[in-house]
Structures are given as structure tokens and as C-alpha cells.
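Tertiary structure, described
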Amino acid sequence: FFDGLLGKTVTPSSAAAPPKVEVPEDFVVPEPKPLTLTRSSDLPSVLKSSAALAVRLATGVFVLGWKIDSIFAPEEEGKYALQLGPLSLRDSSSVLQDAPRPEKPLILYEYAASPFAKRVRETINLLDLTVEYRPCPGARGGQFSLDLFERTGRRTVPYLIDPNTGTEMFESGDIIDYLLQTYGPPEDSYDKKALWPITFEAFSIYTSTIVAILRGMPAASRQPNARPDNEQMLPLELWGYECSPFVVPVREKLGSLCLPHLMVSCSRGSANRDRMVQKTGRFQVPYLCDPNTGVEMFESPEICDYLEAVYTVKE
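Report follows, based on the coordinates. This one's a predicted model, so the numbers in the text were calculated from it and none came from an experiment.

1. So, the packing of aromatic side chains
With the rule as written, the count across this model stands at 10 aromatic pairs. Through pairs of rings, three or more aromatic residues link up here, namely Tyr109, Phe144, Tyr159 and Phe170. Arg154 extends its terminal NZ or CZ atom over the ring of Phe170, reaching a point 3.8 Å from the ring centre.

2. Brief notes about unusual backbone geometry
For the bond from Val157 to Pro158, the omega torsion is 5°, close enough to zero to count as cis. For Pro158, the location among the structural elements is in the loop between helix H3 (143-152) and strand E8 (159-162). Note the cis peptide between Val285 and Pro286, where omega equals 5°. In this fold, Pro286 is placed in the loop between helix H8 (272-280) and strand E12 (287-290). Although it is not a glycine, Asp128 sits at a positive phi angle of roughly 60°. Mapping Asp128 onto the fold places it in the loop between helix H2 (115-126) and strand E7 (130-135). If you check the backbone angles, Met217 has positive phi at about 55° while not being a glycine. You can call Met217 partly exposed: its relative accessible area is 40%.

3. A word on the pattern of salt bridges
The full count for this structure, using the stated rule, is 20 salt bridges. Put simply, Asp305 and Arg39 hold a salt bridge, and the shortest N to O gap is 2.5 Å. With a gap of 266 residues between them, Asp305 in helix H9 (residues 300-310) and Arg39 in the loop between strand E2 (8-10) and helix H1 (43-55) connect regions that are remote in the sequence. Judged by its relative accessible area of 39%, Asp305 falls in the partly exposed class. A salt bridge links Glu308 to Lys253, with the nearest nitrogen and oxygen atoms 2.7 Å apart. In this pair, Glu308 is assigned in helix H9 and Lys253 in helix H7 (residues 248-256), connecting sequence segments 55 residues apart. In the salt-bridge network here, residues are joined through shared partners; they are Arg56, Glu110, Lys118, Arg121, Glu122, Glu242 and Arg251.

4. Remarks on the nonpolar core
Within the largest apolar cluster, 59 residues are counted, with the highest numbers of intra-cluster contacts made by Leu179, Leu307 and Tyr311. If one sorts the elements of this core by residue count, helix H4 (residues 172-183) sits on top with 6 residues. Those residues in contact with Tyr311, other than ones at most four positions away along the chain, are Val21, Asn225, Ala226, Arg227, Asn230, Met233, Leu236, Leu257, Leu259, Asp290, Asn292 and Thr293. In this structure, Ile107, Leu148, Val157 and Ile161 belong to the second largest nonpolar core, which totals 13 residues.

5. So, the packing of H7 against H9
Between H7 and H9, whose axes approach to 9 Å, the crossing angle comes to 10°. Compared by their axis directions, H7 and H9 come out roughly parallel. Of H9, the residues touching H7 (which contributes Pro249, Val250, Lys253 and Leu254) are Ser300, Ile303, Cys304, Leu307 and Glu308. Here the contact of H7 with H9 is composed, by residue class, of 6 nonpolar, 1 polar and 2 charged.

Calculation criteria
- Residues numbered from 1 in each chain as written.
- Predicted model: local features only at pLDDT ≥ 70, side-chain atom pairs only at ≥ 80, totals over all residues.
- Heavy atoms only, no water.
- Phe/Tyr/Trp six-rings, centres within 6.5 Å; stacked < 30°, edge-to-face > 60°.
- Lys NZ or Arg CZ within 6 Å of the ring centre and 35° of its normal.
- Helix = DSSP H or I, 4+ residues; strand = E, 2+ residues; numbered from the N terminus.
- Buried < 20%, exposed > 50% of the residue type's maximum accessible area, 1.4 Å probe, protein only.
- Salt bridge = Lys/Arg side-chain N within 4 Å of Asp/Glu carboxyl O.
- Core = buried A, V, L, I, M, F, W, Y, C linked by side-chain atoms within 4.5 Å.
- Contact = heavy atoms within 4.5 Å.
- Axes fitted to C-alpha atoms, helices over the stretch in contact; angles between N-to-C directions.
- Parallel < 35°, antiparallel > 145°, perpendicular 65-115°, else oblique.
- Nonpolar A, V, L, I, M, F, W, Y, C, P; charged D, E, K, R; others polar.

Right under this line is the structure:
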């Protein structure tokens, strides 16, 4: 996948042939139901995620330089617009159009409850980047944590690998600075005060810790019945963004199962919203594409059920 970085090799999460997995015989792809709570039992989770969204001041909901292009956007094939009654709102970024884009996906070792990893993931959303996440529950759980230790002699997250530049680094603040300098717009094109919920480290870490507690310290340990070969799977593809109440449970499930996944950022103003419309005919998150089984599906609770059915060991 990625070779020869500073004399090291970035070992793909599926270096050998990926393990075989099967979809349950009774599995049916659910019908998409935008902004609908399909199960009343999921209400507490949505409320906790919504509270977490407020605690973090909705950081990551919008891309950097978010702007409204039109409130009466004409209907165009392959273009996303938010329908609000008679209004058709189309938005984008005023600063990211010409920002450098990585040719190969970046790789981030992380876990859901880490407040340090969270501020990096929010920055990734702000910059509208696609990044492969390699979950390390509690920083010390799972094969990816072992891989990280063998590579660096440490088991701390977040850890970023950029195969495009050969850069590798620990420390959330350094990673954030690197992402802004390498894949962000020119510094004079936006107000850096817009980044303060992330760059004001004390506030960022404190509120992100509260979020982790609200969510019950998700993916802080490897799920006991997770398949032992999950880390060898081809990375699943998840479309969404960090603070979406519907995306959060799916991210947590992927993390607790130690499944590598390519996170396609879809915050408001993201160019990836148009790409999803072109791919599926609609925009809705979370959206999961599983190259190990060929399944593509919407709906958060059903995605979590699917992951549980396919990527756990049955007694």
C-alpha cells in the first residue's frame, strides 16, 4: 500500500489476503430514512451525542470557511442542497477549493474516547480530509497498538502517518499544526480565531473529556467477542463527520471492534456531499461501504447491528 517512508514501511491493515467474512443469510439492506430515529431505544444515545455536540460548540459541523452559496439553488443532478420548505440551501467552503489535497489517504492511530485524538479528528473534518483510522482501544488494546509500539516504541495516540510527505508524528497539537500548514488554505485567507475550540488546548481537552464521559468512554477497550483478525480486514469506508449524533455510534462500534476504516469527511460545506449524491443519489450519514462483503448501507442502528453480526465471534 505505502512503501519506503523514511526507510520504514507503512504496513497496510490488510497486508496479506484479508480474512473471509460472510453476511448473515437473513440480512436485508435497510431502507434509508433521513433524520429519523428508527428505534426508540436509541433515543438516549442520540440525546447524549447531542449534548456532546453542544459541549464541543458544534466543532466539526462546518468545514473551514463555510459559506452559503444560495438559498434558492436550482435542482441539479449530482449536486447536494438542503431542502427547507421552499428554500434550497447550497453551501461550500470559501477557502478550501484551492487547498492542497493528499494524493494518498493519511493514517491516524486513535480511539474514540481519547480527547487528544478527538481534536485531531475535528481538524480533519474542518479541512475536509479523508483519513484511514486505525483504532487502538485505550491506546493499548488491539493489534494496531502493537504495530504502533513496534514502529515507534510507544503506545500513545494520536499518531499520524502521511505517506505523501513521509511525515510521522505524535502529539495532537503538532499534528493539528501540520495538517493546517500542509493541507489547509493560506493563513491570510481565513480568521484563525475560527479554530479556537480546537487550538485552545485546555478548553479542547477539557470539553472533549466531558464528551467521552457523556458517551461512557467509548472504544476504551477491545470488544471481547471481536474477531481476532479484524485488524487484517480491508478498511471499511464510512461517510460522515465527527460530531453527528447518528455517526457517533457507528464510529464507536468500529473502534471497539478494532476495524480499520476510511473516514470520508462530510461536514456542512464539504465537497464530499456532492460526491455522495453522485454515488448514491442522496445525501445521508452515516453511510457505510464494506469492501470485505460488498455491502453498502445507511441507517446508524442497522449499521451497528451489521458490524456486530459480521465482525464478532459467535459462541
